[in-house]
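# Structure at a glance
Chain by chain, the residues run as shown.
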Amino acid sequence: MTPDGDTAGLRVVVAPDKFKGSLTATEVAGIVAQTVRRHAPGATVIECPIADGGDGTVDVALRSGFTAVDAKVVGPLGGVTTTARYARSGRTAVIELAAAAGLGLIERPDDLTAASTSTYGVGLLVTHALDRGADRIVLGLGGSATTDGGAGMVTALGGRLLDSRGGPLARGGGALAELAVLDLADLDPRLQTVDLVLACDVDNPLQGPDGAAAVYGPQKGAQSPATVAALERGLRRWADVVAAVTGRDFRGLAGCGAAGGTAFGGVAVLGGRITSGFEMCLELSGLGEHLEDAELVIVGEGSLDSQSLRGKGPATLAAVAARRARRVVALSGRCVLSDGQLRATGIDAAYALTDVEPDPRVCMSEAPRLLETVAARLAQDWLRSRSDCAADEFVTPGRSAGRSH
């Protein structure tokens, strides 16, 4: 262990996202921070778990002084009522789509559920916040079970979707191909003045090979190519009808494919605006201030892969920290990015649970123990390199990306 005097005054910021399916961002930050403190007892270690608009966004707001609000809504398959928590401060509300329409609310996702899930409960959450005086609503998009283009959300807020017989359209993305009429006459008028912020962590458009159905449908249970194709047809029809009614076509806008196209419905029908989920969480948490005096920034998420490079929080934070000449190290369940990709993102070195346990199932089930082991290795390497190198020659051992400073 390094003597306390050698680490006195040093500041380490621990700012991971969740390890999906294993640990929340708060749990990851706690384990890593405790381990770093044990190896560098003189250092000031600041825990700042992050989110990128998905699961954990409300937690970031609550840690920043917002008040928790519980609302009863229907889940993604309707029928069953669930309690969804959001955060409120003054006239601002922070909502997570996943609380009402998250994949975690589906016991066994399959082709049937992928075609039937709806964002109706999300619209109920928005209404709940509006009823309590919110004039700024941040909707975190991520972790969804839906591919309905936000149609269910629009319905809950007063829009009417009708089939060719004039009857209400069934909920879910699978039914959208039968959409004949979109009636917005009774859409909640408060949406005209509310600032609806759609916090998004991806840049996918609504349709096409990079769109909501093709990229994310299989993750939500759409294992059959026929189901993916049906969802794609539904989104296309939804976009066509929305464009005809509103006179605006947003289907190609970057980010509109987020959360099964919920961002599209939020922008094209409800008048919302897309923003970086990470940047929003940066604003909520005050993390930017903590970076100013940090010597080391530790980021992380369950999987560092190609999706991490498309606006995900850890990669975005690494780039922000690197621009401020901070040393950045990443922790993950697995890392499949090349050294060049890590370097371009601003990450000096990456440590993964699979470095010590190659079986992904064990990594998932024993994540706390393995994370502590990997975090200890990171801390030891960092302290060793601080002793061996001048500050401007810092190189983290392990899997180094070789970024020069």
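Scoring rules and cut-offs
- Residues numbered from 1 in each chain as written.
- Predicted model: local features only at pLDDT ≥ 70, side-chain atom pairs only at ≥ 80, totals over all residues.
- Heavy atoms only, no water.
- Salt bridge = Lys/Arg side-chain N within 4 Å of Asp/Glu carboxyl O.
- Helix = DSSP H or I, 4+ residues; strand = E, 2+ residues; numbered from the N terminus.
- Buried < 20%, exposed > 50% of the residue type's maximum accessible area, 1.4 Å probe, protein only.
- 1 Å grid on protein atoms, 1.4 Å probe; cavity = no way out; pocket = protein on both sides within 12 Å on 5 of 7 lines; lining within 4 Å.
- Points joined across faces, edges and corners; volume = space filled by probe spheres on them.
- Nonpolar A, V, L, I, M, F, W, Y, C, P; charged D, E, K, R; others polar.
- Domains from an automatic or database assignment.
- Contact = heavy atoms within 4.5 Å.
- Buried area = accessible area lost by both parts, 1.4 Å probe.
- Polar contact = N/O pair within 3.5 Å; in protein donor to acceptor, adjacent residues only side chain to side chain.
- Pairing = 2+ DSSP bridges.
- Right-handed = clockwise from strand over helix to strand, strands pointing away.
- pLDDT = per-residue confidence, 0-100.

Let us look at the pattern of salt bridges. Evaluated as defined, the whole model comprises 18 salt bridges. With a closest N to O distance of 3.2 Å, arginine 37 and glutamate 47 form a salt bridge. With arginine 37 in helix α2 (residues 25–39) and glutamate 47 in strand β2 (residues 44–47), this pair connects stretches of sequence that are 10 residues apart. Classification of glutamate 47 as partly exposed rests on a relative accessible area of 28%. Here arginine 273 ties to aspartate 195 by a salt bridge, and the two come within 2.9 Å at their closest N and O atoms. Taken as a pair, arginine 273 in strand β10 (residues 273–276) and aspartate 195 in strand β9 (residues 195–200) lie far apart in primary sequence, 78 residues in all. Each of Asp131, Asp188 and Arg190 takes part in one network of salt bridges that share partners.

Right, let's get into the layout of surface pockets. In this structure, the largest pocket spans a volume of roughly 880 Å³. Lining of the largest pocket is provided by 37 residues; of these, Lys18, Lys20, Gln219, Glu301 and Lys312 occupy positions nearest its centre. Secondary structure elements with two or more residues in the lining of the largest pocket: α10 (258–268), β11 (296–304), β12 (327–335) and α15 (360–365). For the lining of the largest pocket, the residue count by class is 12 nonpolar, 14 polar and 11 charged. Two domains each provide a minimum of three residues to the lining of the largest pocket, namely domain 1 (11–48 + 286–383) and domain 2 (57–278). Considering only enclosed or pocket space, the second largest pocket measures out at about 330 Å³ in volume.

Bringing unusual backbone geometry into the picture now. With phi around 55°, alanine 259 is a residue other than glycine that occupies positive phi space. Along the chain, alanine 259 turns up in helix α10. Classification of alanine 259 by relative accessible area gives buried; the value is 12%.

Along its sequence, the protein chain is organised into domain 1 (11–48 + 286–383) and domain 2 (57–278). Facing the 11 residues of domain 1 at the interface are 10 residues of domain 2. For the domain 1 and domain 2 pair, buried surface summed over both sides reaches about 910 Å², with 45% attributable to carbon and sulfur atoms. Looking only at domain 1, the three residues that lose the most surface to domain 2 are Thr26, Gln307 and Arg310, adding up to 49% of its buried area. Applying the counting rule to domain 1 against domain 2 returns zero salt bridges. Remark: the boundary between domain 1 and domain 2 carries one residue pair in polar contact (both at pLDDT 80 or more). Per element, the largest residue contribution to the side of domain 1 that touches domain 2 is four residues, and it comes from helix α13 (residues 313–323). When its residues are assigned to classes, the side of domain 1 that touches domain 2 shows two nonpolar, five polar and four charged.

Our focus in this paragraph is the pairing of strand β1 (residues 11–14). Taken together, the four bridges between β1 and β2 define a ladder with parallel strand orientation. Of the residues in β2, the one forming a bridge with valine 12 is valine 45. Each parallel crossover has a hand, and the one from β1 via α2 to β2 is right-handed. The sheet contact formed by β1 and β11 spans three bridges and is parallel. Within β11, the position partnered with valine 12 by the bridge is leucine 296.

So, about the confidence of the model for the protein chain. Of all residues in the protein chain, 93% attain a pLDDT of 70 or more, and the chain-wide mean is 89. Confidence drops under pLDDT 50 across residues 1–5; counting only partners more than four residues distant or on other chains, this segment forms nine contacts. Taken together, the stretch residues 390–398 has pLDDT below 50 and engages in 19 contacts with residues farther than four places along the chain or on a different chain.

Moving on to the environment of glycine 174. Looking at the secondary structure, you find glycine 174 in the loop between β7 (160–162) and β8 (181–183). A relative accessible area of 34% means that glycine 174 is categorised as partly exposed. In this structure, the C-alpha to C-alpha distance between glycine 174 and aspartate 111, residues 63 residues apart in sequence, is 9.9 Å. Ignoring sequence-local partners within four residues, the contact set of glycine 174 consists of Ala115 and Leu231.

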